[in-house]
Number of protein chains: 2
Amino acid sequence: MTAMPSLSDAYKGTMYPIAGHGPRNVGVLKKVLAPINGGLDSDIYGKGSIIEDFQRKMAGVLGKDGAVFFPSGTMAQQVALRIWCDRRGIAKVAYHPLCHMEIHEQGGLRELHRIESLLLADRDRVIELQDVLDMTDSVSALLLELPQREIGGQLPTYQTLESIASVCRERGIKLHLDGARLFEVLPHYQKTAAEICGLFDSVYISFYKGLGGIAGAILAGEPDFIEEATVWKRRHGGDLISLYPYILSADQAYDLRVHRMTQYYVGAKELAALFNECHGVSTRPREPVSNMFHVHFAYPAAAVVPILIAIYEETGIGFTGRLTEVDEQHCSFELSIGDLYEALPKDQVRAALRQLSVRLLALA
Amino acid sequence: MTAMPSLSDAYKGTMYPIAGHGPRNVGVLKKVLAPINGGLDSDIYGKGSIIEDFQRKMAGVLGKDGAVFFPSGTMAQQVALRIWCDRRGIAKVAYHPLCHMEIHEQGGLRELHRIESLLLADRDRVIELQDVLDMTDSVSALLLELPQREIGGQLPTYQTLESIASVCRERGIKLHLDGARLFEVLPHYQKTAAEICGLFDSVYISFYKGLGGIAGAILAGEPDFIEEATVWKRRHGGDLISLYPYILSADQAYDLRVHRMTQYYVGAKELAALFNECHGVSTRPREPVSNMFHVHFAYPAAAVVPILIAIYEETGIGFTGRLTEVDEQHCSFELSIGDLYEALPKDQVRAALRQLSVRLLALA
């Protein structure tokens, strides 16, 4: 008799994990560097062709006149909001209650920049036009995250975005885009990145979500904004002598995957439909609007974990390595479709999901 | 007739640059990764064996019970001083007028952390015991940089360090070490890193100076201090999903070069003596106490640049790619001895320096 493995270990041991692009290991960077000439000079404190060319390229993609590469989105976004707050002289910004800054950054915006937050909308839906119209507090900026990750990747309509942008312009509120997963929503909106970014005064994008790079972010905006952001990047300790490991990987990942976003989106919709056919399972959103969604179980984690492990071992299909307890009776996990999905044996995926349904039903 | 190349280009074109470890290019990272198994898992937001093992190793080297890897020293040091200021409730620290924080960080300590600085000593000498005894302002911490880079890499005596540490302890002032070049001064002090760090409450070391890594820093101290520093690292945007490109390089660079510091130090003393024999040239310090020193010319940059370029082209020996104007009549450059020095044709170096002396004398 052997002890049951952890869900994480069982998932790692599966032949067919369904999420993402594959393992995050040193092999990713080795592959990035293989075609690069070793004589290529490092960037040096933000200067040099490796960083400058990439910043210019991404500014173009996002339809902005300037862009600066940051080691992290946490840093890039705090900097953006600080600049807008300093310009207006109001140390307050509005964002969603589940914004990355609110729940994942140890209060950096408040502790480093002394910027307060006004939380808009409820925890289970996106910010709508009415939320913005109802704001009575003065704020310097409004941050919108597209898609809203912590609620499964939900989106307002494009028309709502346009209306919110219009209200912000009228009221002198800068609109900032948390576009960590911006490219992932382009197939749903049927817009270019530049079209969407045109509604925003500043834009952050990430390279290690759907794009599958190693780390790093771009902050884009008008040249005077980018000039200030570059000063703040140094103040934050983000102006490293060499950022090329991330930049080379971001550049390759962008070229490799930006055109696969429709494929991921179609895969997410297909897979979500299969999950929704299972007893006791529903996805959020019901129909994904990007490559991601959350899978919710109407059963407690303690009951679901052994079922998942058994299915992984029997079928070789892995759904997730981690369950989040929603409450004592419910649990969930996040799923983002990437390169791995395309190559899965779909019959086995469907069989694994039928197994899941049968075993969950047995709990009822 | 062709235009004169820039000093920077002329230096890059030399067969024998005398400073450093060689070019900072992508080849450095390729070489680091070559022996690493691609299946090695990335660190994930500060967790995983790549980062945890290295932090433990460096804590041991520095004789502290905790250590955390930062993407930059700028971030690591601001965090250290913020913690000490918060603990004492006094938002003021003391350091040298040419401290990195004062002149190279765009005022990050003040703008992000609202910490004021008290400048000790003059711009042309290190902080001595008397400077500390004379302090009347209350400060939470004193930062000492060993060696003081901007004045050519100068050091107080070890006895002075001990006395300053003792005064700080008595007065409740935390002592922080800017040890960007700590390993470089061990041969002069004839102490271990842990012995020196034992005098300090918190210690920062860098991996891309004498050690020759790509980027990154370690902050070391007691476990409660490191726990707080880890929270601040996230707030600063330094808790990247993957820091392994820097960590792998730092680890290899440490193992490769920490035992070469005496070789670099001996080389620096030898080369400084040769410079001091040249007309119109003097080094600072006269006799180096680490692998670095500054070379000062008693002539203006405009006169020295063409002489250097001519010598580079005639001898293949390169001294520097950049001159700093000290004033209208004087200029200088910084020199750090690394791996390249050992393999230089020393006869040609001496010949190039004789040339330098002759040509500078012709200006007199």
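Each residue is numbered by its place in its chain's sequence as written, counting from 1. Whichever chain is written first becomes A and whichever ligand is written first becomes 1, with later ones labelled in order. Selection of residues for local features in this predicted model requires a pLDDT of at least 70, selection of side-chain atom pairs for listing and counting requires 80 or more, and totals for whole chains, interfaces and linings are taken over all residues. Only hydrogens and water are set aside when side-chain values are computed; all heavy atoms of the structure are taken into account.

Moving on to the overall build of chain A. Note on conventions: DSSP H or I runs of at least 4 residues are helices, E runs of at least 2 residues are strands, and numbering of each starts at the N terminus. The helix and strand tally for chain A stands at 16 helices and 13 strands. Its C-alpha atoms give chain A principal-axis dimensions of roughly 65 × 55 × 35 Å. Exposure is judged per residue with a 1.4 Å probe applied to protein chains only, and the accessible area is read against the type maximum: over 50% gives exposed, under 20% gives buried, and values in between give partly exposed. Relative to its 364 residues, chain A shows a buried fraction of 57%. Whether two residues are in contact is decided by their heavy atoms, any of which lying within 4.5 Å being enough. At a minimum sequence separation of 6, the contacts of chain A that also span at least 24 residues come to 75%. Methods summary: accessible areas were calculated by the Shrake-Rupley approach with a probe of 1.4 Å, and residue burial reflects only the protein chains presented. A total of about 14,400 Å² of accessible surface is found on chain A, and carbon and sulfur atoms cover 49% of it. Under the convention used here, Asp and Glu are negative, Lys and Arg are positive, and both His and the chain ends fall outside the count. Charge positions come from single atoms, namely NZ of Lys, CZ of Arg, CG of Asp or CD of Glu. When the 36 basic and 44 acidic side-chain charges of chain A are each reduced to a single mean position, those positions are 2 Å apart.

Below, the discussion takes up the sheet that holds strand β10 (residues 292-297) of chain A. All names here are of chain A. The pairing criterion is simple: DSSP has to find at least two bridges between the two strands. If you walk across this open sheet you meet the four strands as β9-β10-β13-β12, and the pairing is antiparallel. Strands at the two margins of the open sheet, each flanked by one partner only, are β9 (281-284) and β12 (324-327). Sheet twist, expressed as the average angle between the axes of neighbouring strands with direction ignored, equals 30°. Summarising the sheet, β9 and β10 pair through four bridges and their orientation is antiparallel. Its bridge partner being in β10, V281 is matched across the sheet by F297. Axis lines are fitted through C-alpha atoms, for helices just across the contact stretch, and the angle between N-to-C directions can take any value from 0 to 180 degrees.

Helix packing for two helices is described by the angle between their axes and how far apart those axes are. Residue and element names in this part refer to chain B. Axis separation between helix α9 (residues 182-189) and helix α13 (residues 261-276) bottoms out at 8 Å; the angle between their running directions is 75°. Judged on the interaxial angle alone, α13 and α9 are roughly perpendicular. Residues F183, E184, P187 and H188 of α9 pack against M261, T262 and Y265 of α13. Side-chain classes follow a simple rule in which Ala, Val, Leu, Ile, Met, Phe, Trp, Tyr, Cys and Pro form the nonpolar group, Asp, Glu, Lys and Arg form the charged group, and the remainder, Gly included, forms the polar group. Per-class residue counts for the contact of α9 with α13 are four nonpolar, two polar and one charged. Note on angle classes: values under 35 degrees are labelled roughly parallel, values over 145 roughly antiparallel, values of 65 to 115 roughly perpendicular, and the remainder oblique.

Residues and elements named next belong to chain B. When you tally the buried positions in strand β7 (residues 202-206), you get five out of five residues, the bulk of the element. Relative to β7, strand β6 (residues 174-179) is paired through four bridges, and the arrangement is parallel. Counterpart to H176 in the pairing with β7 is S202. Strand direction decides the pairing type here: β7 and strand β8 (residues 217-221), joined by four bridges, are antiparallel. In the strand pairing of β8, S206 is matched with A217.

Backbone-to-backbone hydrogen bonds pair the strands of a sheet. The strands run either parallel or antiparallel. Residue and element names in this part refer to chain B. One open sheet accounts for four strands, arranged β9-β10-β13-β12; its pairing is antiparallel. Two strands close off the open sheet at either side, each with one partner strand: β9 (281-284) and β12 (324-327). In this sheet, neighbouring strand axes are inclined to one another by 30° on average, regardless of whether the strands run parallel or antiparallel.

The subject of this paragraph is the environment of T320 of chain B. All names here are of chain B. Mapped onto the fold, T320 is located in the loop between β11 (317-318) and β12. Taking relative accessible area as the criterion, T320 reaches 7% and is therefore assigned buried. Distance from T320 to F333, taken between C-alpha atoms, is 7.0 Å for residues 13 residues apart in sequence. T320 has contacts with L7, Y11, L308, Y312 and F333, leaving out every residue within four places of it along the chain. Contacts described as polar in this section are N or O atom pairs within 3.5 Å, which, within protein, must combine one atom able to donate a hydrogen with one able to accept it, while residues neighboring in sequence count only if both atoms come from side chains. A polar contact of 3.1 Å, which involves the side chain of T320, links it to the backbone oxygen of R322.

Every definition here rests on a 1 Å grid over the protein atoms only: cavities are sets of points where a 1.4 Å probe fits but cannot get out, pockets are open sets enclosed by protein on both sides within 12 Å along at least five of seven lines, and lining residues have some atom within 4 Å of a point. Grid points are joined across faces, edges and corners, and a volume is the space filled by probe spheres set on the points. In total, this model carries two cavities of 30 Å³ or more according to the counting rule given. Roughly 60 Å³ of internal volume is contained in the largest cavity. Contributing to the lining of the largest cavity are V126, I127, L144, E145, L146, Q148 and P156 of chain A. Counted by class, the lining of the largest cavity contains five nonpolar, one polar and one charged residues. Of the pockets and cavities examined, the second largest cavity occupies roughly 50 Å³. What lines the second largest cavity is simply V126, I127, L144, E145, L146, Q148 and P156 of chain B. Residue composition of the lining of the second largest cavity, grouped by class: five nonpolar, one polar and one charged.

This paragraph deals with the nonpolar core. Grouped together as the largest cluster of nonpolar side chains are 207 residues, with contacts concentrated most on F275, F319 and L356 of chain A together with F275, F319 and L356 of chain B. Sequence-distant contacts of L356 of chain B, that is, excluding residues within four places in its chain, are made with F275, C278, V281, F297, I307, L308, I311 and F319 of chain B. Take the buried Ala, Val, Leu, Ile, Met, Phe, Trp, Tyr and Cys residues and link them wherever side-chain atoms come within 4.5 Å; each set so joined is a nonpolar core. By size, the runner-up hydrophobic cluster in this structure holds 54 residues, among which are L81 and L109 of chain A together with L81 and C85 of chain B.

This part covers the interface of chain A and chain B. In this assembly, 51 residues from chain A lie in contact with 51 residues from chain B. Accessible surface is computed with a 1.4 Å probe, and the buried area is the amount of it that two parts give up when combined, taken over both parts together. Taken over both partners, the interface formed by chain A and chain B buries close to 4,200 Å², and the fraction arising from carbon and sulfur atoms is 58%. For chain A, the biggest contributors to the area lost against chain B are V26, L112 and R235 of chain A; these three give 16% of the whole. Criterion for a salt bridge: a side-chain nitrogen of Lys or Arg within 4 Å of a carboxyl oxygen of Asp or Glu. If you look at where chain A meets chain B, you find zero salt bridges. Scanning the region where chain A abuts chain B turns up 35 residue pairs in polar contact (both at pLDDT 80 or more). Counting residues per element, the ones that place at least two in the side of chain A that touches chain B are α2 (26-33), α4 (73-88), α6 (108-113), α11 (223-235) and α12 (244-257) of chain A. When residues of the side of chain A that touches chain B are assigned to their parent elements, the largest contribution, six residues, is made by α2 of chain A.

Moving on, we get to the relation of the copies chain A and chain B. Placing chain A over chain B gives an RMSD of 0.1 Å and needs a rotation angle of 180°, together with 0.0 Å of translation along the axis. This pairing of chains is accounted for by a two-fold axis. Considering only C-alpha atoms, the residue of chain A closest to the rotation axis is L112 of chain A, which sits at 2.5 Å. Comparing interface residues between copies, 100% of those in chain A also lie at the interface in chain B; the contact surface is shared. When the copies are superposed, the least-squares fit draws on C-alpha atoms of residues that have pLDDT of at least 70 in both.

Time to look at the domain arrangement of chain A. Residue and element names in this part refer to chain A. Partitioning chain A into structural domains gives domain 1 (7-24 + 260-363) and domain 2 (43-241). Note that the domain bounds reflect an automated or database-derived domain assignment. Summarising the inter-unit geometry, the C-alpha centres of domain 1 and domain 2 are found 30 Å apart. Between domain 1 and domain 2, the contact holds 15 residues from the first and 22 residues from the second. Carbon and sulfur atoms supply 55% of the area buried between domain 1 and domain 2, which totals about 1,500 Å² over both sides. Its largest share of buried area at the contact with domain 2, domain 1 owes to M261, R284 and V289, together 39% of the area lost on that side. One can count one salt bridge joining domain 1 with domain 2. Between R149 and E334 there is a salt bridge, with the nearest N and O atoms lying 2.8 Å from each other. Remark: the boundary between domain 1 and domain 2 carries six residue pairs in polar contact (both at pLDDT 80 or more). Looking at the side of domain 1 that touches domain 2, the elements that each hand over two or more residues are α13 (261-276) and β10. Residue contributions to the side of domain 1 that touches domain 2 peak at four residues, all from α13.

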